[in-house]
Structures are given as structure tokens and as C-alpha cells.
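One letter stands for each residue in the lines below.
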Amino acid sequence: MKKGFSTIMSAQFCSSLADNGLTVAAIELLRSSQAPSWHVPVLAVVFALFYVVLAPFLGAFADAIPKGRVMLISNGIKIVGCLLMLFGGHPLLAYSIVGLGAAAYSPAKYGILTELLPPSQLVKANGWIEGLTIASVILGTVLGGQLVGPHIAPALLGLDLPFIDTGVDMPAEAAICVLLFVYALAALFNLYIPRTDAPLQPLPSNPLWLVRDFSRCNARLWSDKLGQISLATTTMFWGVGGNLRIIVFPWAAAALGYSTTQASSLAGVVSVGVAVGAVVASMRMRLDRATAVIPLGVLMGVLLMGLNLIRDLYVAIPFLLLLGAAGGYLVVPMNALLQHRGHNLMGAGRSIAVQNFNEQACILALGAFYAGMTRFELSAFAAITVFGLVVAGIMETIRRWHRRNVIEHKDEVERLLVIARTDGH
């Protein structure tokens, strides 16, 4: 890997670590303030909101200025959201501002990979970035759970500044204070991300032009015979995964009687499996063979429904590891293929913005659907059954879609695979 890759990984790890710790802190803050139960799944909705609303502008923004600077600005926005949550802002509003920072961060963190590395290293690079991201999900979720738990929270609340009333009185608020320092560390790494040789694309002054350009980019990626398959797969994966990290908390409470702190550790088990699957995929898979992993998406749907049968921790752990590993092995090669096709078709920042728009729109739709079920008092078990059926059904549809492309558009598919195989543009 080229010089600077490790700095990008370090910045991504710290920023994602704080994001996931903040999710747990926000859940605990809602519960401790006696907020309605349906506010918890709405966290996934408000986090995804700006990914969808600002998608036409974020990709162009990431292509217009150096991506290291974009990541620095984005971390600053996340810190603003943290401070708002800490000083009395509604958790849903504050978390949506953190989501704005994450939405601006994403095109830069993935786009810089395609500028820094050749296509032949994209699968390996995605294995690293997804592996470290999942590691940060594990540690961040566990860290957030421990910071609001009965052992660390009292010690944090016992720390007083002389002559200053901080107003930090709840475990969730103490956790947010710690996470602010993690965001600051990520911003420090952002300062040392190298400038690539990729030319900057000026940001147009007419917002309507950006909307039209984004629409063309979105249509172009959906019409590409490999781009459409990889985009559909990653959209479904992240749509379910983005909500599953929220759903696991009420599921663990209903199936195992777990508290927020205990459920955060269990959520980390899924992430361990994803990390293992991601690393194995990065070592074994090639870009031109990425579509071979699509059947794993159907398996994920079946495994999701299997969660409803689990009532014992010693059965839950290996089961969740298997579920995570299937997801990790699926998403890494498909994500790399999508980045490769997007970079060839429209440029790094815009292609990642299109990807984020579709994936976060799926999170938004499924999150709103789940919040609606919770609002009308459907159980976590019913929600998981619905999610499993949706995943298995749609992934089977995608598998048949690709099989039809291979038959009906054989020459075009082979031409795109040759490009992936030979690092051509």
C-alpha cells in the first residue's frame, strides 16, 4: 500500500469508533430520559437523513477540495453534534447533525482509495478499511456500553473540575465527554492525510446543475451491467445492517433479558464475524470474481430469521459470528467492484455519493418501517422475521438479475470483467 494509507486507516478507525460509541450513548440517553420506545429505531433514520437529502452535493464537494480536508471538516461537524447532545439538545436532533458529518465524511474516505491505489488493490484496501471499520464498530459499541455501564460511569461522574459545574449528571453524558476526545484524535490524523495527484473538479455554482448531474450519475451506475448488481447488493446489505445494529438492542432485551451495556457487547459479536469475513474475502477474492458471493446474501436473510429461535447465550454467540462472517465476505468484494465501476464511470467522490444515497435511502426506508412497527407495538421478533424475509427475497432477485445479464448481455459483461481483470480504465 502507498504511503499515507495507514494515516487514512487511523483517521477512519478513530472517527468510526466514536460514531459507534455515540450510538450506544444516544440509546441510553433516550432510555434514561423516558423517551418513547419508538425513538430508538428512529436514531437510524435521522443518521441516514443527510446521506439522502444532500447526496447530490456531497460527492461534488468531496471532488472539489482535497479529501483529507473534507474528512477534517466532517469530523468538526460530528463534534458539534456531540456538544449539542451533551448540552441539552434533543438526542435525535443532535444525532442527525453527527449523521451530517458522517455523510460528508464517507465520499472522501472511500473516494481517496480510488485516487491513491490501482484497481488491483481495491479489494485488499476495502478489506483493510472494512476490517478496521468493523473493529471500530466492535470496540466502539463495547466502549459505549461500558462508558454508560455500572462500573465506569460512576467513576466518570465522580470526576469534578474545581469551581466549575459541568452539568454532566447522567452516565450517557459522561460517555459523550469521553467520545469528544476520540473525535478530536480523528481530526488530528486528518491533518496528516496526504494530498493525491488526482485533479480537483470545481464545485459548480448552480445547485440545480448538481442535482441534474447527480441524477445522471445515479442513472449511469444503475444502467451499468456490473455496477447495478454491486449497487443493489451493497444497498440491501447496508440497509439491513444499518438497522440491525439498532434492532439488536431490543432483540437482546426480549430474547436474553439484556441491558444496554450487555447488549452492546453482544452487538460486538456480530461485528467480529463481519471483520473475519471481510479479512478472509480481502485475501481470497478478486475483483472480477466479486459477483460469486451474491448467494451469501440469501443465506444472511435465512440466518436473520433464525435469531428468533435463540434463547441461550452460548448458542447466540456462534450464530451471530456466522451471520457477521457471511455479511463481511459478501460486502468487501461487492463494495470494491462498485467503487471500481463508479470510478471508471464518473469519478470517485460522485460515485461514492451515489452509493451512499442508495444505501442510506434503504436504511431510511427500512428504519422508518421498523420504527412504525415499534410504534404500533410489534415485537422485535416480528421485525426480525420481516427483515429476514426481505433480505432473502431481494438477494435472490438480485442473483437472478445477474444471471440474466450474463446470458442476455454476455459481451458487455465480459468486456467489463476484462477491465476489472486487467486494471484498465
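Residues numbered from 1 in each chain as written. Predicted model: local features only at pLDDT ≥ 70, side-chain atom pairs only at ≥ 80, totals over all residues. Heavy atoms only, no water.

### Describing the environment of Y370
Next, step 1: When you line up the elements, Y370 lands in helix α14 (residues 348-375).
Next, step 2: Taking the C-alpha atoms as reference points, Y370 and R212, separated by 158 residues in sequence, lie 32 Å from one another.
Next, step 3: Beyond its immediate stretch of four places on either side in the chain, Y370 contacts P41, I247, P250, A383 and F387. (Helix = DSSP H or I, 4+ residues; strand = E, 2+ residues; numbered from the N terminus. Contact = heavy atoms within 4.5 Å.)

### Quick word on the domain arrangement of the protein chain
Next, step 1: Here the protein chain is described as being made up of domain 1 (1-193) and domain 2 (216-424).
Next, step 2: Here the C-alpha centre of domain 2 lies 21 Å away from the C-alpha centre of domain 1.
Next, step 3: Carbon and sulfur atoms supply 70% of the area buried between domain 1 and domain 2, which totals about 4,000 Å² over both sides.
Next, step 4: Where domain 1 touches domain 2, the interface holds zero salt bridges.
Next, step 5: Along the contact surface separating domain 1 from domain 2 lie zero residue pairs in polar contact (both at pLDDT 80 or more).
Next, step 6: Mapped by element, the contributors of at least two residues to the side of domain 1 that touches domain 2 are α1 (5-32), α2 (39-53), α3 (55-64), α5 (91-116) and α6 (122-147).
Next, step 7: No other element matches α6, which puts 14 residues into the side of domain 1 that touches domain 2.
Next, step 8: Taken together, the residues of the side of domain 1 that touches domain 2 sort by class into 31 nonpolar, 15 polar and five charged. (Domains from an automatic or database assignment. Buried area = accessible area lost by both parts, 1.4 Å probe. Salt bridge = Lys/Arg side-chain N within 4 Å of Asp/Glu carboxyl O. Polar contact = N/O pair within 3.5 Å; in protein donor to acceptor, adjacent residues only side chain to side chain. Nonpolar A, V, L, I, M, F, W, Y, C, P; charged D, E, K, R; others polar.)

### As for the packing of α1 against α2
Next, step 1: It is the contact of α1 with α2, at a shortest axis distance of 10 Å, that shows an interaxial angle of 145°. Where α1 crosses over α2, the two elements pack in a sense that is right-handed. Residues A26, I27 and L30 of α1 lie in contact with α2, whose contacting residues are H39, V40 and L43.
Next, step 2: Classifying every residue of the contact of α1 with α2 by side-chain character gives five nonpolar, one polar and no charged. (Axes fitted to C-alpha atoms, helices over the stretch in contact; angles between N-to-C directions. Left-handed = near helix turned anticlockwise from the far one by under 90°.)

### A few points about the pattern of salt bridges
Next, step 1: Evaluated as defined, the whole model comprises six salt bridges.
Next, step 2: For R341, the salt bridge identified is with D224, shortest N-O distance 2.9 Å. Note that R341 is positioned in helix α13 (residues 313-345) and D224 in the loop between α9 (207-223) and α10 (227-256), a separation of 117 residues in sequence. For the pair shown, R341 and D224 are each scored as buried.
Next, step 3: The closest approach of N and O atoms between E396 and R399, which form a salt bridge, is 2.7 Å. Linking E396 with R399, this pair stays in helix α15 (residues 380-408), spanning three residues, or about one helical turn.
Next, step 4: The structure contains a network of salt bridges with shared partners spanning E396, R399 and R400. (Buried < 20%, exposed > 50% of the residue type's maximum accessible area, 1.4 Å probe, protein only.)

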